[in-house]
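So you can see what is in the structure, the chains are spelled out below.
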Amino acid sequence: MEPLSRTIVWLALALPAGVALGGLALVLVRLARLHRRAKADPEALLLSAVSGSLRERGELANSLGELRTVHERLLDALPMGVLWVDQRQRLAALNQRGCDLLGVRPGVVGLEAAFVLEPFPWLREALGRDPGPPWRCAAGGRRWRLQRIEAPDRIGALVQFEDVTEAEAEAHRRQLRERFADLGEMTAGVAHQLKNGLAVLKGRGQMLKRSGHGEAAEALLEETEDLERLVQRFLQWAKPLDPAAEPLRLEETVAQAVVELKRRPVSQGRVLAVEGEGEATGDPLLLHQALVNLLENACQATPLGGRILVRVAQGRIDILDDGPGLSEDTAIRMLRPFESGRPDGTGLGLPLALKWLNAQGADLRLAPREGRGTCAEIRW
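Residues numbered from 1 in each chain as written. Predicted model: local features only at pLDDT ≥ 70, side-chain atom pairs only at ≥ 80, totals over all residues. Heavy atoms only, no water.

(A) Quick peek at the overall build of the protein. A count of helical and extended segments in the protein gives 11 helices and 12 strands. Within the span of the protein, comprising 380 residues, buried residues form 38% of the whole. Considering only contacts in the protein between residues 6 or more positions apart, those separated by 24 or more positions represent 59%. Counting only carbon and sulfur atoms, one obtains 54% of the accessible surface of the protein, whose full area is about 21900 Å². (Helix = DSSP H or I, 4+ residues; strand = E, 2+ residues; numbered from the N terminus. Buried < 20%, exposed > 50% of the residue type's maximum accessible area, 1.4 Å probe, protein only. Contact = heavy atoms within 4.5 Å. Areas by Shrake-Rupley, 256 points an atom, 1.4 Å probe, with all protein chains shown as cover.)

So, in structure tokens, the structure goes:
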């Protein structure tokens, strides 16, 4: 058993064990005193015994009260939630961190566990498991790490739990930053080599055009320009970032990105709408670039006559399209570099948006909408 689990079990056993030992000690002390006491008046002996017993019980009660206080303070000092359900299926203990995580008051201790834990089926499931290694689950939009702690049957069931949503998100961001850095170094070298070769091809195409080979020159120049745009994306990917951190009105930044996108052919025949308002701290230029990429992707997914809605709230932006939607596996794959959902795509639009958002402390997630379409969720 892990040291922390042993500590929690010890805390659960300490109070009842203290009560039993204290009661036993009281009985032994009284018997010893009665045995040593000389013969006396029976009534005086009885009154003396009662008086001494009451006094010692008061001292014992004070000691047990102090033990209970220490027991509760130790539980409250733990950085994760601890739940104890006794054999009568009542909530025997729930420390302060557990109350904070579940959003309940300490006064629930002593109530029926089924009643208190009704909104938390994942905790009820944990109580029914066998003691063993920790596991993780998703519930209520959060990620939880749980462990059923091994304890004697007379104790009941002990479960420790903690919210690991932010820790997992930070680990994911760190992995992405490391992967982005490795790919950036490789991409920068390839892009510079391509850029030099494309400059030569573009010059040859312009010479062909001046010499009267217009049709061949146009085809060559068109391909060259497409490759130049791809190289530019590569260079953007490789470029190191030094993001600013300033307060932003999100609805204003979104409105500017929508205005820019409406100038592009990809937005023609689609309706773009913005609703809501909110604030966040970030880099206005990087956020603008990320939003343009995401809006362009939403327009490409939405058929003619469809609608792209951007919802703004405090610390969040949602971009909802009317496209065919994505499976969860496809949504995760499309955030990886060079993974495109279109035959003519570069596979860098969404990963670049993710990189720019991560640099300013925001996360990006693609989620299927109910019925049809995809929602690009930006969260600070």
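(B) Main features of the pattern of salt bridges. The final tally for this structure, using the stated rule, is 18 salt bridges. Between glutamate 251 and arginine 249 there is a salt bridge, with the nearest N and O atoms lying 2.8 Å from each other. When the shortest N-O distance is used, the salt bridge between aspartate 318 and arginine 316 registers 3.0 Å. One connected set of salt bridges, linked through shared partners, spans Arg136, Arg143 and Glu168. (Salt bridge = Lys/Arg side-chain N within 4 Å of Asp/Glu carboxyl O.)

(C) Region of the structure containing the side chain of threonine 165. Summarising the element assignment, threonine 165 is placed in helix α6 (residues 165-210). At 2.7 Å, the side chain of threonine 165 and the backbone nitrogen of arginine 143 are in polar contact. Here the side chain of threonine 165 touches aspartate 163 through a polar contact of 2.6 Å, side chain to side chain. Sequence-distant contacts of threonine 165, that is, excluding residues within four places in its chain, are made with Arg142 and Arg143. (Polar contact = N/O pair within 3.5 Å; in protein donor to acceptor, adjacent residues only side chain to side chain.)

(D) Geometry of the sheet that holds strand β4 (residues 142-149). Strand order in the open sheet formed by 5 strands is β2-β1-β5-β4-β3, with antiparallel pairing between adjacent strands. In this open sheet, the two edge strands, each paired with only one partner strand, are β2 (91-94) and β3 (135-139). Averaged over all pairs of adjacent strands, the angle between strand axes in this sheet comes to 25°, irrespective of strand direction. Inspection of the sheet shows β4 paired to strand β5 (residues 157-163) by 6 bridges, in the antiparallel sense. The partner of arginine 148 across the bridge, within β5, is valine 159. (Pairing = 2+ DSSP bridges. Axes fitted to C-alpha atoms, helices over the stretch in contact; angles between N-to-C directions.)

(E) Inspection of the sheet that holds strand β7 (residues 271-276) at higher detail. Pairing in this open sheet of 5 strands is mixed, and the strands run β7-β9-β10-β12-β11 from one edge to the other. In this open sheet, the two edge strands, each paired with only one partner strand, are β7 and β11 (363-368). Going across the sheet, the axis of each strand differs from the next one's by a mean of 15°, ignoring polarity. Here 6 bridges tie β7 to strand β9 (residues 307-313), and the two strands are oriented parallel to one another. In the sheet register, alanine 273 faces β9, and the bridge partner there is leucine 309. Contacts from helix α9 (residues 284-301) reach β7, β9, β10 (316-320), β11 and β12 (374-379), with the element oriented near 25° to β10. Running at roughly 135° to β11, helix α11 (residues 349-359) makes contact with β11 and β12 of the sheet.

(F) Examining unusual backbone geometry more closely. Despite not being glycine, glutamine 89 has its phi angle at roughly 65°, a positive value. Residue position: glutamine 89 is located in the loop between β1 (81-85) and β2. You can call glutamine 89 partly exposed: its relative accessible area is 48%.

(G) How the structure looks around the pairing of β1. A large share of β1 lies buried, amounting to 5 of its 5 residues. Because side chains alternate across β1, one face comprises the buried residues Gly81, Leu83 and Val85, and the other comprises Val82 and Trp84, equally buried. Here 5 bridges tie β1 to β5, and the two strands are oriented antiparallel to one another. Paired with tryptophan 84 across the strands is leucine 158, a residue of β5. Note: β1 against β2, 3 bridges, orientation antiparallel. Paired with valine 85 across the strands is leucine 91, a residue of β2.

(H) Structural detail: the packing of helix α8 (residues 250-262) against α9. In contact at an axis separation of 9 Å, α8 and α9 are set at 50° when each is read in the N-to-C sense. Relative to α9, the element α8 lies oblique. Here α8 runs over α9; the crossing is right-handed. Taking contact as the criterion, the partners of Leu250, Thr253, Val254, Gln256, Ala257, Val258, Glu260 and Leu261 in α8 are, on α9, Pro284, Leu287, His288, Leu291, Val292, Leu295, Glu296 and Cys299. By residue class, the composition of the contact of α8 with α9 is 11 nonpolar, 3 polar and 2 charged. (Parallel < 35°, antiparallel > 145°, perpendicular 65-115°, else oblique. Left-handed = near helix turned anticlockwise from the far one by under 90°. Nonpolar A, V, L, I, M, F, W, Y, C, P; charged D, E, K, R; others polar.)

(I) Structural detail: the pairing of strand β8 (residues 279-282). The two faces of β8 differ: Ala280 and Gly282 on one face are buried, but Glu279 and Thr281 on the other face are not. Where strand β6 (residues 246-249) lies against β8, 4 bridges are found, and the strand directions are antiparallel. Directly across from leucine 248, in β8, lies its bridge partner alanine 280.

Fair warning: the whole summary comes from geometry, so function is off the table for now.
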